[in-house]
Amino acid sequence: MKKFIFSALALCVGMAASAQLVKVESINKVNLPQGVYVSVPTISPDGSFVVVSDLDNRSLKSIDLATGSSKLLTDNGSGHDVKISADGRTVVFRQKTVNKNHLTMTGLRSVDRVSGKTTEIVKPSRNLNAGFSVAAGSVTAVENGRVRTKGLNGAKATAAPVVSINYGHLDVTVNGKTTTIDPQGRGSYLWPALSPDGTKIVYWLAGAGCFVCNLDGSNPVKLGVLRATKWIDNNTLVGMHDIDDGTFITSSELIATDLRGTRQILTGSDVIALNPSVSADGKTLVFSTPEGELYMVKLSK
């Protein structure tokens, strides 16, 4: 008898009255192995698997979306800002350690999903910026203004653009040169993400909301309240609109938006949808819940 890996959940799928940006084909809860609870999912470029953290954000696992099976990648790694190579083989992640002076250090490592081998990309330090990229078989990381590039699995190192946060500033690194752009001036910038074509940046500015600007910081356009926003394609994004009571998140919807601010609600009020992640073709979206559940959304234009 065929084993169903996903259990469908009848979510209320809403849509902004003004336009339908994407079509929600299905929303399904992934049947995770017993005892596996997840947070901060990152979907692979081809949409076949997800890298997730545990609820304490200490270890990383790979979840196969076709079978629901789980595989431990590392018992010391953060799920925030995980990057996966285009071929799906290499996962790059941050690793925190404590040195002999009891100071927390952050390093950058990669793990091969096939062999399980881990490789140090950037040594643990106090200065690793929040940004790095994985492209063309290489990792490009920014450490205290210094750019480091390393090839993966024997590939030639090729630098790629990086958007990063440095003490609240929004920085862009292109061709080995890092520039602070701060589109709205000095502030606290968060969640930067480069568009697939590399021409625009989406970011969150504390106290102001979500914006998109050009690569040089020009022409910032406000998109409203959308946190942890990701690109579906070069013109469409998805983020979470979450509400809390000061202690716990009480509700959160995923909302798609275009660059003009047209919005479409993708998830309903019967699930608290957090931390969206989108496959490279924009057809598969995943999110987690505060209870450690994982959901998969199928999209089409």
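Because the structure is a prediction, the values reported are computed rather than measured. (Residues numbered from 1 in each chain as written. Predicted model: local features only at pLDDT ≥ 70, side-chain atom pairs only at ≥ 80, totals over all residues. Heavy atoms only, no water.)

J.: Kindly report on the sheet that holds strand β16 (residues 177-180), identifying the contributing residues and their values.
T.: The strand order β14-β15-β16 describes an open sheet built from three strands, whose pairing is antiparallel. If you trace the sheet from one side to the other, it starts and ends with β14 (162-166) and β16, each paired once. Averaged over neighbouring strand pairs, the angle between their axes works out to 30 degrees when direction is ignored. Relative to strand β15 (residues 169-174), β14 runs antiparallel, the two sharing five bridges. When the bridges of β15 are listed, S164 appears paired with D171. (Pairing = 2+ DSSP bridges. Helix = DSSP H or I, 4+ residues; strand = E, 2+ residues; numbered from the N terminus. Axes fitted to C-alpha atoms, helices over the stretch in contact; angles between N-to-C directions.)

J.: Outline the pattern of salt bridges, listing residues and values.
T.: Following the criterion strictly, the structure yields seven salt bridges and no others. Close ionic contact of K301 with D233 constitutes a salt bridge, the shortest N to O distance being 2.9 Å. Placement of K301 in the segment after β27 (294-300) and of D233 in strand β21 (residues 227-233) is noted, with a sequence separation of 68 residues between them. K301 sits in the exposed class, given a relative accessible area of 65%. (Salt bridge = Lys/Arg side-chain N within 4 Å of Asp/Glu carboxyl O. Buried < 20%, exposed > 50% of the residue type's maximum accessible area, 1.4 Å probe, protein only.)

J.: Report on the side chain of S85, specifying residues and quantitative values.
T.: Along the polypeptide, S85 turns up in the loop between β7 (78-84) and β8 (90-98). Reaching out from S85, the side chain makes a polar contact with the backbone nitrogen of R89 at a distance of 3.4 Å. Setting aside anything within four residues of it in sequence, one finds S85 in contact with P45, T90, V134 and L152. (Polar contact = N/O pair within 3.5 Å; in protein donor to acceptor, adjacent residues only side chain to side chain. Contact = heavy atoms within 4.5 Å.)

J.: Explain the sheet that holds strand β9 (residues 104-112) to me, and be specific about the residues and the numbers.
T.: Spatial ordering of the open sheet is given by β7-β8-β9-β10, a layout of four strands whose pairing is antiparallel. For this open sheet the edge positions go to β7 and β10 (118-125), each flanked by a neighbour on one side alone. The sheet shows a mean angle of 25 degrees between the axes of neighbouring strands, taken without regard to direction. Pairing analysis gives five bridges linking β9 to β10, with the strands arranged antiparallel. Along β10, the bridge assignment pairs L108 with V122.

J.: Can you lay out unusual backbone geometry for me, pointing to particular residues and giving the numbers?
T.: As a rule of thumb, non-glycine residues mostly have phi less than zero, and peptide bonds are mostly trans rather than cis. The residue H102 is not glycine, and still its phi comes out positive at about 65 degrees. With a phi close to 50 degrees, W191 is a non-glycine residue in the positive phi region.

J.: Give a detailed account of the state of the cysteines, specifying residues and quantitative values.
T.: Scanning the model with the defined rule gives zero disulfides in all. Cysteine C213 remains unbridged, with the sulfur of C210 as its closest cysteine sulfur at 11 Å. (Disulfide = S-S within 2.5 Å.)

J.: I'd like a description of the nonpolar core, backed by residues and values.
T.: Among the nonpolar cores identified, the biggest contains 21 residues, and V238, L254, L266, L285, F287, V297 and L299 are the most heavily contacted of them. Contributions of two or more residues to this core are made by β2 (23-30), β21, β22 (236-244), β23 (249-258), β25 (274-278), β26 (284-288) and β27. Considering each element in turn, this core owes the most residues, three residues, to β27. In this view, V238 contacts A228, T229, K230, I232, L254, I255, A256, L266, P276, V278 and L285; residues no more than four positions away in its chain are not counted. Among the nonpolar cores identified, the runner-up in size contains 12 residues, and I43, L65, V286 and L294 belong to it. (Core = buried A, V, L, I, M, F, W, Y, C linked by side-chain atoms within 4.5 Å.)

J.: Please give an account of the pairing of strand β5 (residues 60-64) that cites residues and values.
T.: Note that strand β4 (residues 49-53) and β5 share five bridges and pair antiparallel. By the bridge assignment, F49 is partnered in β5 with D64. Once β4 ends, the chain turns through six residues before running back antiparallel as β5, passing N57 with a positive phi of about 55 degrees. By the bridge criterion, four bridges tie β5 to strand β6 (residues 70-74) in an arrangement that is antiparallel. Bridge pairing in β6 links K61 to L72. What sits between the antiparallel neighbours β5 and β6 is a turn of five residues, in which G68 has the positive phi angle 80 degrees.

J.: I'd like to hear about the packing of aromatic side chains, residue by residue, with values.
T.: A complete count under the given rule lists four aromatic pairs for this structure. Seen in terms of ring centroids, W191 and W204 are 6.1 Å apart; in terms of plane orientation they differ by 65 degrees. Their pairing is edge-to-face. Taken together, the residues span a long stretch of sequence, with W191 in strand β17 (residues 189-194) and W204 in strand β18 (residues 200-205) at a distance of 13 residues. Judged by centre distance (5.8 Å) and plane angle (15 degrees), the ring pair of Y203 and F211 falls under stacked. No difference in accessibility class separates Y203 from F211, as the two residues are buried. Site record: aromatic cluster; members linked through ring pairs are Y189, Y203 and F211. A cation over a ring is seen here: K83 above F132, with NZ or CZ 4.6 Å from the ring centre. Over the aromatic face of F49 sits the side chain of R113, whose NZ or CZ is 3.5 Å from the ring centroid. (Phe/Tyr/Trp six-rings, centres within 6.5 Å; stacked < 30°, edge-to-face > 60°. Lys NZ or Arg CZ within 6 Å of the ring centre and 35° of its normal.)

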